[in-house]
Amino acid sequence: MKRRKFIGTSAAASVGLVACKTTNAMAPSNTESVKLKENINHSVCRWCYGKIPLEDFLKSLNELGIKAMDLTGPEEWPLMKKYGIHSSMCWGAGFGIEKGWNDLSLHEELIADYSQHIPKVAAAGYTNLICFSGNRNGMDDAEGLKNCAEGLKKIMPIAEKHGVVIQMELLNSKVNHPDYMCDTTPWGVELCKAIGSENFKLLYDIYHMQIMEGDIIRNIQDYNQYFGHYHTGGNPGRNEINDTQELFYPAIMKAILATGYTGYVAQEFIPTWDDKIAALKEGITICDI
């Protein structure tokens, strides 16, 4: 996979998100350690803390009791294992967000790329591997769904053999990822039904879906069987998930827990505090119901 290209796409998105930074940055009022209840399996997206050296960040995760990290590839895995941090959502295959499975001309390379990466994920002891629909580029949503299903079905036998779950992320096309096709829960659910494998799920990003459709708790209740992973983020701005934004994460976490979900919930907000680790700690504490 063209990992550099993948990271470049994600980094470009990150720059746009940082530009939305709120003016509510503040120092935490309480930095005492908090004992986690362990009802929620906490994770965090590495890219949100990319300026912190990886080893330093892993040490901080150990101190906070966070046991996993999202959106990592083979380059990070050895050091993560050293610190006992699980890779809860792997990446490393594909072309990134804008060019994905809805484009038939990319299928040959995508199938080859994922077919090589899936065994690597499994061999490292991990389960989840991200994928993307790609942008519409004038394509009808029904055609894009058909194309995605056609290509993804071809890697399902490999994913099933190795116990790897391919997860397509739901992203908003209104603010951060214009023209992205997998931008609503119903479209993603229909794709899951078309593929018909327990090794294909949706990565339900709460921030993105709040922008596109809202009704977060009802959708979790109605469609949780199709969700294999969750991301957080404050809306608007994708910053801290405290009372500076509109989502009430304790209730959302309770709804997730009530479905019987036992996977990871990854913090994917962009911290505005000078002390980034303190901001992360606050987010984890809010979600630790």
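Because the structure is a prediction, the values reported are computed rather than measured.

Participant: So what exactly am I meant to see when it comes to the overall build of the protein here?
Facilitator: When its secondary structure is counted, the protein shows 11 helices and 8 strands. For the protein, the residues scored as buried account for 56% of the 289 residues in total. Counting contacts in the protein only where the partners sit at least 6 residues apart, residues at least 24 apart contribute 75% of the total.

Participant: Teacher, can you tell me more about the nonpolar core here?
Facilitator: In summary, soluble globular proteins display a tendency toward joint burial of nonpolar side chains. In terms of nonpolar packing, the biggest core is built from 86 residues, with Tyr114, Leu152, Ile166, Met168, Leu191, Phe200 and Met253 touching the most fellow members. At 6 residues, helix 11 (residues 276–287) tops the list of elements feeding residues into this core.

Participant: What exactly am I supposed to notice about helix 11 here?
Facilitator: Every α-helix winds through 3.6 residues per turn, so residues three or four apart in the chain are directed the same way. When the terminal C-alpha atoms of helix 11 are compared, their 17 Å separation across 12 residues agrees well with the 16 Å that a helix rising 1.5 Å per residue should span. The set of residues buried in helix 11 consists of Ile277, Ala278, Ala279, Leu280, Lys281, Gly283, Ile284 and Cys287. Buried positions along helix 11 lie against strand 1 (41–45), helix 2 (54–64), helix 10 (249–258) and strand 8 (264–267). The opening residue of helix 11, the one whose side-chain oxygen lies 3.3 Å from the backbone nitrogen of isoleucine 277, is aspartate 275.

Participant: What exactly am I supposed to notice about the pattern of salt bridges here?
Facilitator: Side chains bearing opposite charge may pair, as long as their charged atoms lie close to each other. Scanning the entire structure with this criterion turns up 8 salt bridges. Among the ionic pairs, arginine 218 bridges to aspartate 215, the shortest N-O distance being 2.8 Å. Given the relative accessible area of 48%, arginine 218 is considered partly exposed. The class for aspartate 215 is partly exposed, based on a relative accessible area of 41%. When the shortest N-O distance is used, the salt bridge between glutamate 268 and arginine 238 registers 2.6 Å. With glutamate 268 in the loop between strand 8 and helix 11 and arginine 238 in the loop between strand 7 (227–231) and helix 10, the pair connects residues that are 30 residues apart, well separated along the chain. Overall, the relative accessible area of 4% leaves glutamate 268 in the buried class. The exposure class assigned to arginine 238 is buried, which follows from its relative accessible area of 2%.

Rules behind the numbers
Residues numbered from 1 in each chain as written. Predicted model: local features only at pLDDT ≥ 70, side-chain atom pairs only at ≥ 80, totals over all residues. Heavy atoms only, no water. Helix = DSSP H or I, 4+ residues; strand = E, 2+ residues; numbered from the N terminus. Buried < 20%, exposed > 50% of the residue type's maximum accessible area, 1.4 Å probe, protein only. Contact = heavy atoms within 4.5 Å. Core = buried A, V, L, I, M, F, W, Y, C linked by side-chain atoms within 4.5 Å. Expected span 1.5 Å × (residues − 1). Polar contact = N/O pair within 3.5 Å; in protein donor to acceptor, adjacent residues only side chain to side chain. Salt bridge = Lys/Arg side-chain N within 4 Å of Asp/Glu carboxyl O.

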